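Each chain, written out:
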Amino acid sequence: MAKQIINIGASANDGTGDPLRNAFDKTNDNFNELYFALGGNSVTTLFDGSGNFDFPNKPHKISAYYATETALFAVSASTYKGCIGYAQDTGYLYYSDSTEWVKLAKFSELGSGGSGGASANTFGTIAVSGQNSVVADGTTDTLTLVAGSNITITTNASTDEITIAASGGGASALADLTNVTLSSPTTGQVLKYDGAEWVNSDDATSGAGTFISLSDTPSSFGSAGQILRINGAGDGIEFATVSAGYSDSDVNTHLNTSSASAGEVLSWSGSDYEWIAAGGGGGSSTFAGLTEIDTADLDVHDIAYPATTVHVVTANGTSAYRFDHFGTSDNPTLYARAGETIAFDLTAVSAHPFRIQTSGASDYDTGLVHIAPDGTKTTGSSAQGKTSGVLYWKVPSSISGDYAYQCGSHGAMNGTITVEAVAGSGGGGASLGRVTESETTASIADGASGNVAFADLGKSYAIYSVTVDKASWVRIYSDTAARTADASRVQGDDPAEGAGVIAEFIATSPSTTFKVTPAIFGYIDNSETTIPVAVKNNSGSTGTVTVTLTALKLEN
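Basis of the calculations
- Residues numbered from 1 in each chain as written.
- Predicted model: local features only at pLDDT ≥ 70, side-chain atom pairs only at ≥ 80, totals over all residues.
- Heavy atoms only, no water.
- Helix = DSSP H or I, 4+ residues; strand = E, 2+ residues; numbered from the N terminus.
- Buried < 20%, exposed > 50% of the residue type's maximum accessible area, 1.4 Å probe, protein only.
- Contact = heavy atoms within 4.5 Å.
- Areas by Shrake-Rupley, 256 points an atom, 1.4 Å probe, with all protein chains shown as cover.
- Polar contact = N/O pair within 3.5 Å; in protein donor to acceptor, adjacent residues only side chain to side chain.
- Core = buried A, V, L, I, M, F, W, Y, C linked by side-chain atoms within 4.5 Å.
- pLDDT = per-residue confidence, 0-100.
- Patch = residues over 30% accessible without salt bridge, like charges linked within 9 Å, V, L, I, M, F, W, Y side chains within 5 Å.
- Salt bridge = Lys/Arg side-chain N within 4 Å of Asp/Glu carboxyl O.
- Pairing = 2+ DSSP bridges.
- Axes fitted to C-alpha atoms, helices over the stretch in contact; angles between N-to-C directions.
- Phe/Tyr/Trp six-rings, centres within 6.5 Å; stacked < 30°, edge-to-face > 60°.
- Lys NZ or Arg CZ within 6 Å of the ring centre and 35° of its normal.

1. Focus: the overall build of the chain
Alright, step 1. Counting its secondary structure elements, the chain contains six helices and 35 strands.
Alright, step 2. Counting the 556 residues in the chain, one finds 30% classified as buried.
Alright, step 3. Considering only intrachain contacts with a sequence separation of at least 6, the fraction spanning at least 24 residues in the chain is 55%.
Alright, step 4. Accessible surface computed for the chain: about 32600 Å², of which carbon and sulfur atoms make up 52%.

2. What to know about the side chain of S460
Alright, step 1. Topologically, S460 is positioned in strand 30 (residues 460-468).
Alright, step 2. A polar atom in the side chain of S460 sits 3.2 Å from the side chain of E555.
Alright, step 3. Each residue touching S460, except ones within four places of it in the same chain, is listed here: G522, Y523, L552, K553, L554 and E555.

3. Section: the nonpolar core
Alright, step 1. Counting residues in hydrophobic clusters, the biggest one holds 25 residues, and the most contacted among them are F344, F354, I356 and W393.
Alright, step 2. Only strand 19 (320-323), strand 20 (334-337), strand 21 (341-345), strand 22 (354-358), strand 25 (390-394), strand 26 (401-407) and strand 27 (414-420) provide two or more residues apiece to this core.
Alright, step 3. For this core, the element with the most residues is strand 26, which contributes three residues.
Alright, step 4. Among the nonpolar cores identified, the runner-up in size contains 22 residues, and F454, V468, A503 and V545 belong to it.

4. A look at the confidence of the model for the chain
Detailed reading of the predicted model is not advised wherever pLDDT is low.
Alright, step 1. Across the chain, pLDDT averages 79, with 69% of residues at or above 70.
Alright, step 2. Below pLDDT 50 for its whole length, residues 169-183 participates in 32 contacts with residues either more than four positions away or in separate chains.
Alright, step 3. This stretch, residues 425-431, has a pLDDT under 50; its non-local contacts, to residues over four places away or in other chains, come to 14 contacts.

5. With respect to the side chain of H352
Alright, step 1. Mapping H352 onto the fold places it in the loop between strand 21 and strand 22.
Alright, step 2. Apart from the residues within four sequence positions on either side, H352 is in contact with A315, G317, T318, Y321, K386, T387, C407, H410 and M413.

6. Quick word on a nonpolar patch on the surface
Alright, step 1. On the surface, I126, V128, V134, L143, L145, I151, I162 and I164 cluster together to form a nonpolar patch covering roughly 680 Å² of accessible area.
Alright, step 2. Owing to a relative accessible area of 39%, V134 belongs among the partly exposed residues under this scheme.

7. Side note on the sheet that holds strand 35 (residues 546-555)
Backbone-to-backbone hydrogen bonds join strands into a sheet, with any given pair of strands oriented parallel or antiparallel.
Alright, step 1. If you trace the four strands from one edge of the open sheet to the other, you get 28-35-30-33, paired in antiparallel fashion. In the strand order of this sheet, the two ends are held by strand 28 (433-440) and strand 33 (512-523), each with one partner. For this sheet the average axis-to-axis angle between neighbouring strands, irrespective of direction, equals 20 degrees.
Alright, step 2. Strand direction decides the pairing type here: strand 30 and strand 35, joined by eight bridges, are antiparallel. From the neighbouring strand, T467 faces strand 35, where its bridge partner is T548.

8. Digging into the pattern of salt bridges
Alright, step 1. In total, this model carries eight salt bridges according to the counting rule given.
Alright, step 2. Across the pair R337 and E340 runs a salt bridge, and its minimum N-O distance is 3.7 Å.
Alright, step 3. The exposure class assigned to R337 is partly exposed, which follows from its relative accessible area of 36%.
Alright, step 4. E504 is paired through a salt bridge with R489; the nearest N and O atoms lie 3.2 Å apart.

9. With respect to the pairing of strand 17 (residues 273-277)
Alright, step 1. Summarising the sheet, strand 16 (residues 264-268) and strand 17 pair through five bridges and their orientation is antiparallel. Looking across to strand 17, one finds that E264 is bridged to A277.
Alright, step 2. Following strand 16, the chain reverses through four residues before pairing antiparallel with strand 17; G270 in that reversal takes a positive phi of roughly 115 degrees.

10. Here we look at the packing of aromatic side chains
Alright, step 1. For the structure on display, the rule yields 13 aromatic pairs.
Alright, step 2. Considering the side-chain rings of F323 and Y405, the 4.9 Å spacing of their centres and the 70 degrees angle between planes classify their relative orientation as edge-to-face. Of this pair, F323 sits in strand 19 while Y405 sits in strand 26, and the two are 82 residues apart along the sequence.
Alright, step 3. On the accessibility criterion, Y405 (0% relative accessible area) is buried.
Alright, step 4. Here a set of aromatic residues connected by ring pairs shows up, and it is made of Y321, F323, F344, F354 and Y405.
Alright, step 5. Here K103 stacks its cationic end above the ring of Y92, 4.5 Å away from the centre of that ring.

11. So, the sheet that holds strand 25
Alright, step 1. Sheet architecture is open: six strands sit in the order 19-18-21-25-23-24, paired in mixed fashion. The open sheet terminates on both sides in strands that have one partner only, identified here as strand 19 and strand 24 (377-379). Here the average twist between neighbouring strands, direction ignored, is 25 degrees.
Alright, step 2. Of the strand pairs in this sheet, strand 23 (residues 368-371) and strand 24 are connected by three bridges, and their pairing is antiparallel. Bridging from a neighbouring strand, I371 pairs with K377 of strand 24.

12. Here we look at unusual backbone geometry
Glycine aside, a negative phi is what most residues show, and trans is what most peptide bonds show.
Alright, step 1. Here T517 and P518 are connected by a cis peptide whose omega angle stands at 0 degrees.
Alright, step 2. Position of P518 among the secondary structure elements: in strand 33.
Alright, step 3. Despite not being glycine, D160 has its phi angle at roughly 55 degrees, a positive value.
Alright, step 4. Classification of D160 by relative accessible area gives exposed; the value is 66%.
Alright, step 5. Its identity is not glycine, yet S350 carries a phi of approximately 60 degrees, on the positive side.
Alright, step 6. In this fold, S350 is placed in the loop between strand 21 and strand 22.
Alright, step 7. Here S350 falls in the exposed class, since its relative accessible area comes to 52%.

13. Some thoughts on the environment of A2
Alright, step 1. As for its placement among the helices and strands, A2 is situated in the segment before helix 1 (20-37).
Alright, step 2. By relative accessible area, which is 58% here, A2 ends up exposed.
Alright, step 3. Placed 27 residues apart in sequence, A2 and D29 show a C-alpha to C-alpha distance of 9.7 Å.

Next up, the structure:
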């Protein structure tokens, strides 16, 4: 029956509405239809005492239908906690857990499951070949996947995916292939079984080989020397038996040459290798590989520079140097000629750094070249203080007089090197020459004196100028004994007659130059080799004093 509407008229008691009897008749009909639908129950009996919906003796029809999953997700899950929803586009049932709509099942995947009603397709038992089956003992059992050696398992909840990946050699029968990388195989690449494992090898030879399966074990292929290689098509692995190594013809073919003669060497031409005569164009050989060099036991440092003599240096404890030309003599005087090269073999020097110095104990670095055992070359000051290799001294042609050798660690290990002037540099009837030499005292207190010696001015000379870098009193003597005897003389007093004082200069300010005109002639006794000079520091503070003499060298 359709719902009946009571006509109540346009206004109260206007006579246009339903008569009272007719109006209540419609009311009764409407209530009868409602009670019939409720099964004779009152509206209040639709809910139990806890307020839960309960319609006894009637099927319930409650719809939670949404056309799309998007429309369902738009409904607040927190507001409708515990409610059920169905999305037509996905075909899945969802429930709200107060934070989100959780997908439960797809209706098409549900079926009749016996007396219990609908149930999902599932497995109670998972069979594994060769292993015990996995059986679900209850509805709460969970199947767990465990990653074994070299296996990783990753899951993606959003895409419902489980990824199983393997790395390394795994547990394959060819587990020894862990050292091999075949990410980009090319034709001719090989794996070689060396008797214990499969290893990368360049020892590939021709031969079709036999294709093998990865299930085969290394022992299936026999003895050491057999190989695995990429097949000719480049899409698989094959097994091939190879010879022990390359034959001469194999080498010749690979190098694009027909033959190689005795004594020839391989040379890279820029595009390929070729056989050429040893020492020929494009070829190369190492110094150590030369037969005569090896036989003579020579190294680069032995023959780097042509020297007029080579002194083999040894040490007598920490008290003296010895040189092979002088036998067991300690700290002997050595001789050299200006303009020539002498050498010092320091192979046996060990803990005694070898230095070349002036007679005034200052390092003399000009012309020094050191060649280390490995061929490293250093020059000048960097060549000083070496304990191995060979030190070459290319003696300048402009010097003469006495120089020194000195151990950098032991003061007693020192001696003289007398340099003979080259012809034409003065003395012995040769032409005269102007010489300038600078010497520096040790650090001395203000008012104290120190000694220096000049080796380059010769045994007789004419002084042209004297320069000092600080206020000082400079005295030049004919011999060392004269300097010693005059040491107590006070500045300003005249020296005794015949005391051996050649000249003296008093500078009252720094950087003073005395021009001597006419020149002062001087000499040193035959028993002396350097010009002795005394210097008093008048600068007002402790420090060194440098004196520079310019003179005409008259005699070597």
